[in-house]
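Chain by chain, the residues run as shown.
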Amino acid sequence: MPTVRVNGVDLGVQEFGRRTDALILLTGGTTMLSWPDSLCERLAAGGRRVVRYDLRDCGESTLRDPEAPAYDLRDLAGDAAALVGALGAESAHLGGLGVGGMVAQVAALDYPEAFSALTLVGTRAVAPGPVDDDLPDHDGDVMAALFARPEPDWSDRAAVGEHAAGSARVLHDDPDQARRLAERIWDRTPSADPAVHAANQHGTVFAHLDCAPRWREHLGEIRMPTLVVHGRLDPFFPVGNGEALAAEIPGARLLVRDDMGTALPESASDGVADAMLGR
């Protein structure tokens with residue numbers, strides 16, 4: 001896949017649709033593949049130019065040290081805004097999934113001129129770490145089950161895929177989809193270093209990333225049309241997090257999927273695409 005250079009780094013990108021159509025920019029959570037092919041294709045069929053991309057230290061993007069990132073959350077938000085111009089667009093509908101949704105929120109606040117609409121999927125309004133008292137935290141039993149699972153042999157593609165499938169069962173995600181996704185991410189990981197594989201598979205770079213200052217208190221300043229998508233079965237960011245986002249962003253629409261856990265299932269592509277195209 002090609003890369004686009006912005007802010008001194010190369011970001012891996014993949015395009016769907018015609019370049020003359022309105023741009024939808026999908027920030028990876030943390031690799032671009034967290035956005036299903038079927039959703040990207042459905043959006044492109046609806047008359048949009050869709051570009052999904054890898055965050056720094058993931059996928060095809062510049063790899064330095066995911067355990068000691070020399071950048072912060074604001075830098076990642078700046079990458080999203082810079083990509084819009086680098087892709088030749090005046091503005092874009094910005095989508096963020098999981099930790100990519102945190103990037104998207106900050107980007108919408110810091111660079112409102114670069115974005116025309118916002119979609120936030122399976123994310124929350126505060127950084128990784130201690131959660132606000134009014135927001136539901138990770139399900140304790142689920143987290144204990146996940147941390148009790150031994151890490152796979154990162155050099156073994158099949159083992160990484162099977163590990164992802166096992167975690168998906170705990171997270172109420174589709175095991176087969178998770179296995180295929182993990183194997184595709186493994187194929188695109190540019191290093192045999194276990195830390196790099198973990199960063200690509202689990203977004204562990206966010207555990208080391210400076211996400212200050214807080215942005216939740218500024219969500220009411222977002223003036224662009226916003227869609228919040230959340231899974232009712234999500235034990236990692238329980239649905240109350242999506243409800244809070246929709247309540248605090250003026251005019252936001254909340255779409256709760258009863259069949260969705262942590263990941264965006266391929267079966268949801270048509271419904272989510274229709275909601276995004278309707279904004």
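Here, every reference points to the structure presented above.
Since we're looking at a predicted model, the values are computed, not measured. Counting restarts for each chain: residues are numbered from 1 in the order of the written sequence. The predicted nature of this model means local features are confined to residues of pLDDT at least 70 and side-chain atom pairs, given and counted, to a pLDDT of 80 or more, with totals for whole chains, interfaces and linings taken over all residues. Neither water nor hydrogens contribute to the side-chain values; these are computed over all heavy atoms in the structure.

S.K.: I'd like a description of the packing of aromatic side chains, backed by residues and values.
M.R.: Only centres within 6.5 Å qualify two rings of Phe, Tyr or Trp (six-membered ring in Trp) as a pair; their planes then separate them into stacked at under 30 degrees, edge-to-face at over 60, and tilted for everything else. With the rule as written, the count across this model stands at 1 aromatic pair. Ring geometry for phenylalanine 236 versus phenylalanine 237: centroids 4.9 Å apart, planes at 55°, classification tilted. Three exposure classes are used, based on accessible area relative to the maximum for each residue type with a 1.4 Å probe and protein chains only: buried under 20%, partly exposed in between, and exposed over 50%. For phenylalanine 237, a relative accessible area of 6% corresponds to the buried category. Counted as over-ring charges are cases with an Arg CZ or a Lys NZ within 6 Å of the ring centre that also lie within 35 degrees of the ring normal. Between arginine 56 and the ring centre of tyrosine 71, over which it is positioned, the NZ or CZ distance is 5.0 Å.

S.K.: Just give me the short version of the nonpolar core, but keep the residues and values in it.
M.R.: Counting residues in each nonpolar core, the largest one holds 49 residues, and the members touching the most others are Leu25, Leu83, Phe115 and Phe206. Numbered from the N terminus, helices here are DSSP runs of H or I no shorter than four residues, and strands are runs of E no shorter than two. For this core, the element with the most residues is helix α3 (residues 99-110), which contributes 8 residues. Not counting residues within four places of it along the chain, the set of residues in contact with leucine 83 comprises Val4, Val6, Leu11, Val13, Leu25 and Tyr53. Definition of nonpolar core: a set of buried residues of the types Ala, Val, Leu, Ile, Met, Phe, Trp, Tyr and Cys, connected through side-chain atoms within 4.5 Å. Of all hydrophobic cores here, the second largest spans 22 residues; its members include Leu43, Leu227, Val229 and Ala273. Whether two residues touch is decided by their heavy atoms; if any such pair falls within 4.5 Å, the residues are in contact.

S.K.: Now, about the side chain of arginine 52: what can you tell me, with residues and values included?
M.R.: For arginine 52, the position within the fold is in strand β4 (residues 48-53). On the basis of relative accessible area, arginine 52 is assigned to the buried category, the value being 0%. Here a polar contact is taken to be a pair of N or O atoms separated by no more than 3.5 Å, where protein atoms must pair a possible hydrogen donor with a possible acceptor and residues adjacent in sequence count only if both atoms sit in side chains. A polar contact is formed between the side chain of arginine 52 and the side chain of glutamine 14, at a distance of 2.6 Å. A polar contact is formed between the side chain of arginine 52 and the side chain of aspartate 37, at a distance of 2.8 Å. In this view, arginine 52 contacts Gly12, Val13, Gln14, Phe16, Leu26, Met32, Leu33, Trp35, Pro36, Asp37, Cys40 and Arg184; residues no more than four positions away in its chain are not counted.

S.K.: Account for helix α6 (residues 175-188), with residues named and values stated.
M.R.: To estimate how far a helix should reach, multiply one less than its number of residues by 1.5 Å. Relative to the 20 Å expected for 14 residues at 1.5 Å per residue, α6 spans 20 Å between its end C-alpha atoms, a close match to the ideal helical length. Those residues of α6 that fall on the buried side of the exposure criterion are Gln177, Ala178, Ala182, Glu183, Ile185 and Arg188. Buried residues along α6 sit in contact with α5 (157-170) and α7 (194-202). A side-chain oxygen of the first residue of α6 lies 2.9 Å from the backbone nitrogen of aspartate 176; this N-cap is aspartate 174.

S.K.: Could you give me a rundown of the pattern of salt bridges, with the residues and numbers involved?
M.R.: In what follows, salt bridge is the name for a side-chain nitrogen of Lys or Arg lying within 4 Å of a carboxyl oxygen of Asp or Glu. Under the defined criterion, the tally for this structure stands at 25 salt bridges. Between arginine 214 and glutamate 217 there is a salt bridge; the shortest N-O distance is 2.6 Å. Overall, arginine 214 belongs to the partly exposed group, its relative accessible area being 41%.

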